[in-house]
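The primary structure of each chain is shown beneath.
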Amino acid sequence: MRFRLALRDAAVTGLVAAGLFLPMVALRTDVAPNGALFLRTRWSDAAILIALAALARFVLVLWLGRRIPVASTASPWWEEPLRRAGKLLTPLLLGVAVMLPFIPGTGRYELDLGVLVLTYVMLGWGLNIVVGLAGLLDLGYVAFYAVGAYSYALLAHAFGLSFWICLPLAGILAGFWGVLLGFPVLRLRGDYLAIVTLAFGEIIRVVLVNWVSLTNGPNGMSGIPRPSFFGLPFSMSGEPDTFAGFFGLEPSPLHRVIFLYYLILGLALLTNWVSIRLRRQPLGRAWEALREDEIACRALGINITTTKLTAFALGAMFGGFAGAFFATRQGFISPESFTFIESAIILAIVVLGGMGSQIGIALAALIMIGGFEVFRGLEEWRMLVFGAAMVVIMVLRPRGLVSSRTPTVALGKRKAISGSLVGEGHG
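Residues numbered from 1 in each chain as written. Predicted model: local features only at pLDDT ≥ 70, side-chain atom pairs only at ≥ 80, totals over all residues. Heavy atoms only, no water.

Mean pLDDT over the protein chain works out to 82, with 86% of the residues at or above the 70 mark. Across residues 67–74 the pLDDT falls below 50, and counting only partners more than four positions away or on other chains, this stretch makes six contacts in the model. (pLDDT = per-residue confidence, 0-100. Contact = heavy atoms within 4.5 Å.)

Here it is as structure tokens:
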């Protein structure tokens, strides 16, 4: 019976895969040496992909069948060893992150990749407040990222303020926009909330494109001031009033990169520390109660308006900090950097890591952002390989890499519970 079911599901999967891969993989437009376009066919590649999809579905159904797992208060046997390993992995990852610039063989490429990964770690931890802790599904988080970046650029250009003054101002402005988003969606949940937040993200992007007098429209803003080390600019001149000259070092472009790396590392750790501290406070427990059951939360006398608005505001504030760092690191920003795909990547990091798990989100950001670089040698196939790897991970770990949860407050001994008993991201 299960064999027939597996064959039927494999056949359906093959048909769906054929509908996707035949037009996308088998047919490709290329440029001939004379500049003309011609259609290149790759039937064998498409056939291999279709066969792999059907085979994977066949094995999956044959292995799992149609069984529906029954929720249990007990965690699976592997959760406890993973939780113990996580306690050792956390200081190990932190140690590697702190010592990365001094590890032999680390160059400009590795540092730039580290900065990129830490930026997404910070964004993931910021979104985790909204989605993982408060259970509010937000698909427009990139809007606050954009508000922080443009706030920093406009304040630096218009008033000549330094990075250290613009950074908190950008976070405050992004938090203000988080409150503005929170008010209209106080009565919305689930899919409706997701649609409104998605629309909010697109509204911000369209405003950035069309308000040419303020944002320079699709041309973007360039010449954004770089941060300094307590007033010491990173210059190759080696003069006494520069970073290299003040400390008696040989001028090197790596100095600024290392400074930016430690700057985003500090901002990410600040986000993590604030999230953990707030989670243990009454506000954090109110977020978790809201995530589990909003009706029961109201019955307990918790102010739902304040709880939702604080989640949106704090998550948006950390997104604004990350946006300000992005602007000063790049020196140029444009609306193309803040599309919906960025929100999707950040949300995928939160879901893949395990909503509510700080270490899980850090691992997911490392896998997703670093994974693109690992598969870079595969050229056009890297997105397919990376997507397949993501599907495998989510099939084997549907609740994320770290799915167990430890209660914030417990009577007696704290005991980790299965993530399947936790309401996550339903708004």
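A word on the environment of Tyr-145. In this structure, Tyr-145 sits in helix H5 (residues 142–159). Considering only alpha carbons, one finds Tyr-145 and Ala-174, 29 residues apart in sequence, at a separation of 7.8 Å. Dropping the residues within four chain positions of it, Tyr-145 is found in contact with Thr-119, Leu-123, Gly-319, Ala-322, Gly-323, Phe-326 and Phe-338. (Helix = DSSP H or I, 4+ residues; strand = E, 2+ residues; numbered from the N terminus.)

So, on to a nonpolar patch on the surface. On the surface, Leu-92, Leu-94, Val-96, Val-98, Met-99, Phe-102, Ile-103 and Leu-269 cluster together into a nonpolar patch covering about 690 Å² of accessible area. Tallying contributions element by element places helix H3 (residues 79–99) first for the nonpolar patch, with five residues. Residue classification places Met-99 among the partly exposed residues on the basis of a relative accessible area of 45%. (Patch = residues over 30% accessible without salt bridge, like charges linked within 9 Å, V, L, I, M, F, W, Y side chains within 5 Å. Areas by Shrake-Rupley, 256 points an atom, 1.4 Å probe, with all protein chains shown as cover. Salt bridge = Lys/Arg side-chain N within 4 Å of Asp/Glu carboxyl O. Buried < 20%, exposed > 50% of the residue type's maximum accessible area, 1.4 Å probe, protein only.)

Position of Thr-328 among the secondary structure elements: in helix H13 (residues 304–330). You can call Thr-328 buried: its relative accessible area is 0%. From its side chain, Thr-328 meets the backbone oxygen of Pro-225 in a polar contact 3.1 Å long. For Thr-328, the residues in contact, after removing those within four places along its chain, are Tyr-152, Phe-163, Ile-224, Pro-225, Arg-226 and Pro-227. (Polar contact = N/O pair within 3.5 Å; in protein donor to acceptor, adjacent residues only side chain to side chain.)

So, on to the packing of helix H10 (residues 254–280) against helix H11 (residues 282–292). At a closest axis distance of 4 Å, the pairing of H10 and H11 adopts a crossing angle of 80°. Between H10 and H11, the angle is such that the two are roughly perpendicular. Touching Leu-278, Arg-279 and Arg-280 of H10 are Pro-282, Leu-283, Gly-284, Arg-285, Trp-287 and Glu-288, all from H11. A per-class count over the contact of H10 with H11 returns four nonpolar, one polar and four charged. (Axes fitted to C-alpha atoms, helices over the stretch in contact; angles between N-to-C directions. Parallel < 35°, antiparallel > 145°, perpendicular 65-115°, else oblique. Nonpolar A, V, L, I, M, F, W, Y, C, P; charged D, E, K, R; others polar.)

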